[in-house]
Amino acid sequence: SGKRHKNPHPLKDAFTNLVAPDMVKSHIAASLPLPSERDHLRPRIDLVVFMIDIKSKYSLKNVETSLAHVDASFFLGKVCFLVTGVGRVNACSIETNAISKLAEAYCSPVLFCELEVRFATAQRLLRMLQICAGHIPGVSPLSFVSLMRNSDDD
């Protein structure tokens, strides 16, 4: 079952500092599925971000298990993988190639970042969320993912 973190996540703090808290609702869960008893209170979900700590094989395994609980329609531009800890190459437990293959299999983009650079990461996620929620005219989530995939190929 989805467990809430006791302490606020540093990225969530950076994210809420970018926008008015009443404009964006975010939920941090250790895993999926989310508890069903609050389904009727849950706002619409516009973006699912799977966080993978590159130093933890458990982190990748947890994401792989959670993926089964996401509706297939979300993989059309409303899911991304956020990989943290990439600046510590010597401490990596997961091959970046394995993460790239996972993202490719689910047709979803990957963002590699350091949580120390929270503000820049939060800005990128906010832009993705704006697109996924339909707030950027002329850009659909699916076309955005397509653009990201084409830029990865360059």
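Residues numbered from 1 in each chain as written. Predicted model: local features only at pLDDT ≥ 70, side-chain atom pairs only at ≥ 80, totals over all residues. Heavy atoms only, no water.

- Per an unreviewed UniProt entry, the protein carries the name Centromere protein M and comes from Zosterops lateralis melanops.

1. Looking at the overall build of the protein
Phase 1 of the analysis: Counting secondary structure elements, the protein contains five helices and three strands.
Phase 2 of the analysis: Along the protein, helices (α) and strands (β) appear in the sequence α-β-α-β-α-β-α-α when read from the amino end.
Phase 3 of the analysis: When the accessible surface of the protein is summed, it comes to about 9400 Å², and 54% of that surface belongs to carbon and sulfur atoms. (Helix = DSSP H or I, 4+ residues; strand = E, 2+ residues; numbered from the N terminus. Areas by Shrake-Rupley, 256 points an atom, 1.4 Å probe, with all protein chains shown as cover.)

2. Brief notes about the pairing of strand 1 (residues 48-53)
Phase 1 of the analysis: Residues V48, F50 and I52 line the buried face of strand 1, whereas the alternating positions V49, M51 and D53 sit on a face that is not buried.
Phase 2 of the analysis: As paired strands, strand 1 and strand 2 (residues 79-84) are joined by six bridges and run parallel to one another. The partner of M51 across the bridge, within strand 2, is L82.
Phase 3 of the analysis: Following the backbone out of strand 1, through helix 2 (residues 57-67) and into the adjacent parallel strand 2, one traces a crossover that is right-handed. (Buried < 20%, exposed > 50% of the residue type's maximum accessible area, 1.4 Å probe, protein only. Pairing = 2+ DSSP bridges. Right-handed = clockwise from strand over helix to strand, strands pointing away.)

3. A few points about the environment of I94
Phase 1 of the analysis: Mapped onto the secondary structure, I94 falls in the loop between strand 2 and helix 3 (96-105).
Phase 2 of the analysis: The spatial distance from the C-alpha of I94 to the C-alpha of K57 is 6.0 Å, given a sequence separation of 37 residues.
Phase 3 of the analysis: With residues near it in sequence (within four places) discarded, I94 still touches I52, D53, I54, S56, K57, L60 and I99. (Contact = heavy atoms within 4.5 Å.)

4. Re the side chain of S108
Phase 1 of the analysis: Along the polypeptide, S108 turns up in the loop between helix 3 and strand 3 (110-113).
Phase 2 of the analysis: A distance of 2.9 Å separates the side chain of S108 from the backbone oxygen of Y106, its partner in a polar contact.
Phase 3 of the analysis: Excluding residues within four positions of it along the chain, S108 makes contact with F75, V79, C80, F81 and A103. (Polar contact = N/O pair within 3.5 Å; in protein donor to acceptor, adjacent residues only side chain to side chain.)

5. Description of unusual backbone geometry
Phase 1 of the analysis: Of the consecutive residues L32 and P33, the connecting peptide bond is found in the cis state with omega at 10°.
Phase 2 of the analysis: Along the polypeptide, P33 turns up in the loop between helix 1 (10-18) and strand 1.
Phase 3 of the analysis: Look at C107: it is not a glycine, yet its phi comes out positive at around 50°.
Phase 4 of the analysis: When you line up the elements, C107 lands in the loop between helix 3 and strand 3.

6. Details of the sheet that holds strand 1
Backbone hydrogen bonds are what pair the strands of a sheet, in a parallel or an antiparallel way.
Phase 1 of the analysis: Pairing in this open sheet of three strands is parallel, and the strands run 1-2-3 from one edge to the other. The strands lining the two open edges of the sheet, one partner per strand, are strand 1 and strand 3. Adjacent strand axes in the sheet meet at a mean angle of 20°, parallel and antiparallel pairs treated alike.
Phase 2 of the analysis: Those strands touched by helix 2 are strand 1 and strand 2, and its axis lies near 155° from that of strand 1.
Phase 3 of the analysis: Lying over the sheet, helix 4 (residues 118-132) contacts strand 1, strand 2 and strand 3, oriented at roughly 165° with respect to strand 3. (Axes fitted to C-alpha atoms, helices over the stretch in contact; angles between N-to-C directions.)

7. Some words on the packing of aromatic side chains
Phase 1 of the analysis: Tallied over the entire structure, the rule returns two aromatic pairs.
Phase 2 of the analysis: Taken together, a centroid distance of 4.9 Å and an interplanar angle of 40° make the contact between F75 and Y106 tilted. With F75 in the loop between helix 2 and strand 2 and Y106 in the loop between helix 3 and strand 3, this pair connects stretches of sequence that are 31 residues apart.
Phase 3 of the analysis: Residue classification places Y106 among the partly exposed positions, given a relative accessible area of 28%. (Phe/Tyr/Trp six-rings, centres within 6.5 Å; stacked < 30°, edge-to-face > 60°.)

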